[in-house]
Amino acid sequence: MRDFSYLRAASVDAARQAAALPGAMLLAGGTTLIDLAKCGVAEPETLVDITHLKGLNGIEVSERSAIIGALAKMGHVADHADIKSRFPAVSEALWQAASAQIRNMATIGGNLMQRTRCPYFRDPANFPACNKREPGSGCSAIGGVTKGHAVLGTSDACIAMYPGDLAVALVAFDAVVHLGQSQVPVDDFFLLPGTTPDREHAIEPGEMITAIEIPGSASARRSTYLKIRDRQSYEFAAASAAVGIEFEADGRTIRDLRVALGGVATKPWRARAVEDALKGKVLEPDAVRAASLLAVEGATDHGANHYKIELAPRVVARAILKMGETA
Amino acid sequence: MTLELSLNQQPAHARQGSSIGQPLTRRDGFLKVTGGARYAADNHPPGMLYAVLAVSSIARGRVAALDTEAAKAHKGVVEVMTPKNRPALAIDPDAKDNPFMFRLDLLQNDQVRYPNQSIAVVIAETLEAATEGAALLSPRYEALPARVGLDGAKSFVPRGVGIGGPAVQHKGDVETGLRSAKTRIEATYETPAQYHNAMEPHAIVVAWDGDRLSIDTPSQGLAMAQGRIAGLFGIAPENIHIRSPFLGGGFGSKGMISGPQVLGILAARLVGRPVKLVLRREQMYGPVGHRAPTRQTLRMGMDGEGRLTAIDHHARTASSTFDDFFEPAADASHTLYASPAIATSHDAVRLDTGTPLFMRAPGEATGSIALESAIDEAAHACGMDPLEFRLRNYAEVEPMTGKPFSSKALRECYRQAAETFGWASRPLQPRLMRDADGFLTGWGMGTATFPALMFQAEARAVLRSDGSGLMETGAQDMGQGAWTAFAQIAADGLGLDIDRVEFRAGSSDLPNAGIAGGSGHTATAGMAIHNAGAAVIARLADLATGNEASPLFGAGNEGVLARGGRLYRRDDESRGESYAEILMRAGLTEIEAHGKGAPDPASQETYAKHAHGAVFAEVKVDPDFGQIRVTRLVGAFAAGRVINPRLVRSQYYGGMIWGISFALHEEAITDRRSGRIQNANLAEYHVPVNADVPSVEALLVHEDDPYVNALGIKGVGEIGITGTAGAIANAVWHATGVRPRRFPIRIEDLLG
Ligand SMILES: Cc1cc2nc3c(=O)[nH]c(=O)nc-3n(C[C@H](O)[C@H](O)[C@H](O)COP(=O)(O)OP(=O)(O)OC[C@H]3O[C@@H](n4cnc5c(N)ncnc54)[C@H](O)[C@@H]3O)c2cc1C
Ligand code: SF4
């Protein structure tokens, strides 16, 4: 381990200033950052501890929206009565993430910033080539173990999967990331790898996530998060879907539909093609299954991850049909 | 080492009279749940330094350069040990006198033979400095291509498999048997490399004092470890004191002292100060053994009544390039099903991996999942219920040898487990059962078996004039409950209530208790304890029966009973006296005696000795996603005398859960280019979590075995995996109609 300095930020502004210094990193629950420091991916020179900052762990839910402070714990948000009733997909995504111990430590801000589980990314000592870590160094994953890699949004430079669950639900419901005064839609906050896989988020040094805001909606109220994996718990998604639905007064015709995918793409993946194909239609199983195939349009596999292309549309279809049933 | 039972001296459920058979809770449980149990890495002798391994990135080649200067320049680093300055050893680490002597990587040269091989050790004042020092070594390599996979090298037939059994065996002529069969099946199954992954990493704390060594390290075989270290360093075994009161799991990987542990000893010698070395999780994927991958092909023939006419079981496995351990998977077909012709054979390839090793049910687990799957396929091919098929082919004598079984309550296991499970209502055809939520539901079964092994052990018993007793043996508690089960045997052996017995174990200065492995520890060390108890009671009885002042005078040794701290006349239990009275009258403060535990060679020749069991599994499979859940497991096991039903049940549960792990989760995934394992951590190397294990039931089937040993003990540590893994695979087939042939079974295998 290298020496680093540790700084307890006195305020949000102080934290931002400190985080702007070269080599500085914010420390929240530490469940991502400490792991990455141990395997040599993160080499912070200064850790700016923000865990004690006041006023950043609130969970405010109204008719219009939910505003969740960046320091709110995953476990608290998952268990919040109003989040459960108005944004079930958000609660379910969090419940199915990581383990109880991690959810008790980890924060919402840190959760958005978690890094890929690509095993090559996390092993600099043995695999120097990784464009995400070292731009231009190459990609060790391509041609290697790719079972957990993305099939959507990949580039020649990087095929790493975005592993988180919460952000999938957030992108489905047009949530917005608050960086102090400025705000960025979640869909824009996460970047495609393209030729710059090292840049993952639309956030600059010296900026800090202060909250996320999720607009309330009928589709958010009637939503679910379905996560499929080999193990029952404590595993990242093989494929997952956040789905919300709003019917017309007839209770059958789809007025609004939200679909996002996890476990298959390089960022939380909004599947607008599926939404567009079904909006205005009557919910009907065959139509749902056919439309769900659009979720993986343009997908490319790297061998061992091919099954994700088969699996993801089925997960989407099941989630939509499940939401239809609960009329 | 005495167990420091500070607060819980009185185990719950202790009672007067016989201790054997009582469901005592673990005597060390309180210490463990309160953090009071001291594991090896918890020790911190004064002046101790931290040693951290630097391990190889490549699978094969040589280390061309190490920047030792950069490491040494790092603040806090005291020394860097490389092949250049590593202290001399008395023997070559590559020497091998016997199959249990595994070749070790102890910086003997610059060669690299597998990923994560030790290439240097950095010793520093702090763990952090040593860790950073190891990173600063920035090794340069001359690499050669890695040989990976079961087709990665030229195959050959090894000279022996497992602990030296023949690689190829047969009885009768399988080709004739297959030709004469009415129905035949042939199938190939693959099992992956698996790693022991004990919660507690291999750790060692070492202090040299001249030529004497003081060591804290987890060991499943203290005397063997002591002997190996003595040989390597050219010192007398009695100069080496190893303490191992608790292991955080071993599963075979702590059976032999490993290379990294010896490097800790070398590091302490080099710097002349005590040293602690603890493996990081990822460093456990290489130098401390693993379960080798297998590819197994089974051919079976059946006559018109569903009787087997032939079993042919071939296994391909792998060892390292420099040492021999060959997973004896095909041997699973020797003991379970009657057939006039049985052939088993192994071949192997040499890969650039660490040497594989015993891993909980080595050969039995890998062989069982293939054999039990094939039996299920054979039953289906004959249109028979899998249980009926197994009963039709029930082995009344050991199929390969024709020896009678010392005891075999397998029919009763089948009956009890099937009844509890509700097997009778199972439809024969697959994909016919669905639950209310639309999940495909399947039921499968497997037969469990494990040999009843015994090794060599000794114990020392003492009776004291205050009426208490002491039992000593260097036994090892890996978490299985040795502290409790052996104390129970000791109490009965000494004729004392358990709270009057002091039991010492877990230290190399106690009598050699043999190895905690092969499911033979309770039988072996238990018999040593039993015999030591009997011997000291005989001495006590001599004192009493030979003394006119004793109410036992003239009763003769055989005419005396020991119970509750008193000796009684067998013919008149109203006449007796306490141990304390006898010793006091004789003017003795204590008497002692020794006892041995070992297999009886005569009965070994005559009888086949195995534990048996039957496991039934229910799985539910999502028809769209191929996601598998094991919703119910029922096992019934007959393994001779049960010393402590609570502990025994826990062993079965643990084994059965490992069966889930084998069938559905565990797999080391190798990058074929580099030969490196890409999931060398517990986030990605999966074992079942609680949510994967909703309901497990283990039934204890009564079995008296007069031949295995005087106590009638077989073994319970490993059998639970066998049978279970196959039962789950068969249930998956019954649910889906898809026959799993590659393990673990994954979503992608069932997506269809
Ligand atoms: C074994 C394991 C399994 C897991 N499984 C899942 C899973 O199934 N699903 C899932 O979604 N997640 C999973 N996770 C990830 C887990 O959810 C994240 O580690 C966690 O949410 C990170 O939060 P934290 O507060 O601990 O962040 P930290 O580790 O403290 O920080 C993470 C990163 O975010 C930055 N950061 C923290 N707070 C802010 C802020 N306010 N503004 C800007 N930057 C900030 C830090 O500088 C750092 O770079 C798993 C993690 C582990 C270790
Ligand atoms: S997939 Fe991306 S993160 Fe993984 S090795 Fe390639 S560039 Fe690095």
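Residues numbered from 1 in each chain as written. Chains lettered and ligands numbered in written order. Predicted model: local features only at pLDDT ≥ 70, side-chain atom pairs only at ≥ 80, totals over all residues. Heavy atoms only, no water.

Any aromatic ring pair is given by two values, namely how distant the centres are and how the planes are angled relative to each other. Residues and elements named next belong to chain B. Applying the stated criterion across every chain, the model contains 23 aromatic pairs over all chains. Summarising the aromatic geometry, the rings of Trp423 and Phe616 are spaced 5.0 Å apart at their centres and angled 65° between planes, so their arrangement reads as edge-to-face. Taken together, the residues span a long stretch of sequence, with Trp423 in the loop between α9 (410-421) and β16 (433-434) and Phe616 in strand β25 (residues 610-621) at a distance of 193 residues. One aromatic cluster in this structure is built from Tyr39, Phe246, Trp483, Phe486 and Phe503. Above the face of the Phe322 ring, Arg113 is positioned so that its terminal group lies 3.8 Å from the ring centre. The ring of Tyr568 carries the charged tip of Arg563 above its face, separated from the ring centre by 4.9 Å. (Phe/Tyr/Trp six-rings, centres within 6.5 Å; stacked < 30°, edge-to-face > 60°. Helix = DSSP H or I, 4+ residues; strand = E, 2+ residues; numbered from the N terminus. Lys NZ or Arg CZ within 6 Å of the ring centre and 35° of its normal.)

Right, let's talk about the domain arrangement of chain A for a bit. Often the size quoted for an interface is simply the accessible area lost on bringing the parts together. You can read the domains of chain A as domain 1 (5-49) and domain 2 (218-325). Relative to domain 2 of chain A, the C-alpha centre of domain 1 of chain A lies at a distance of 36 Å. (Domains from an automatic or database assignment.)

This part takes up the site of ligand 1. Residue and element names in this part refer to chain A. Around ligand 1, a shell composed of 31 residues is seen, among which Leu26, Gly30, Thr31, Thr32 and Asp165 lie nearest. Between ligand 1 and Ala28 there is a distance of 2.8 Å, counted from an oxygen atom to a backbone nitrogen or oxygen. Here an oxygen atom of ligand 1 sits 2.7 Å away from a polar atom, N or O, in the side chain of Thr107. Protein chains bury 95% of the 980 Å² of accessible surface belonging to ligand 1 in isolation. Counting only elements with at least two residues in the shell around ligand 1, the list comes to β2 (24-27), α2 (33-38) and α7 (108-112). (Near = heavy atom within 4 Å. Polar contact = N/O pair within 3.5 Å; in protein donor to acceptor, adjacent residues only side chain to side chain. Areas by Shrake-Rupley, 256 points an atom, 1.4 Å probe, with all protein chains shown as cover.)

Looking now at the domain arrangement of chain B. Residues and elements named next belong to chain B. Looking at chain B, the domain boundaries give domain 1 (2-37 + 457-598), domain 2 (41-144 + 202-278) and domain 3 (294-453 + 605-750). A separation of 38 Å is found between the C-alpha centroids of domain 1 and domain 2. Tallying the contact residues gives 19 residues for domain 1 and 20 residues for domain 2. Roughly 1,300 Å² of surface becomes buried between domain 1 and domain 2 when both sides are summed, with 57% attributable to carbon and sulfur atoms. Joining domain 1 to domain 2, the criterion identifies zero salt bridges. Remark: the boundary between domain 1 and domain 2 carries eleven residue pairs in polar contact (both at pLDDT 80 or more). Broken down by class, the residue content of the side of domain 1 that touches domain 2 amounts to seven nonpolar, eight polar and four charged. (Contact = heavy atoms within 4.5 Å. Buried area = accessible area lost by both parts, 1.4 Å probe. Salt bridge = Lys/Arg side-chain N within 4 Å of Asp/Glu carboxyl O. Nonpolar A, V, L, I, M, F, W, Y, C, P; charged D, E, K, R; others polar.)

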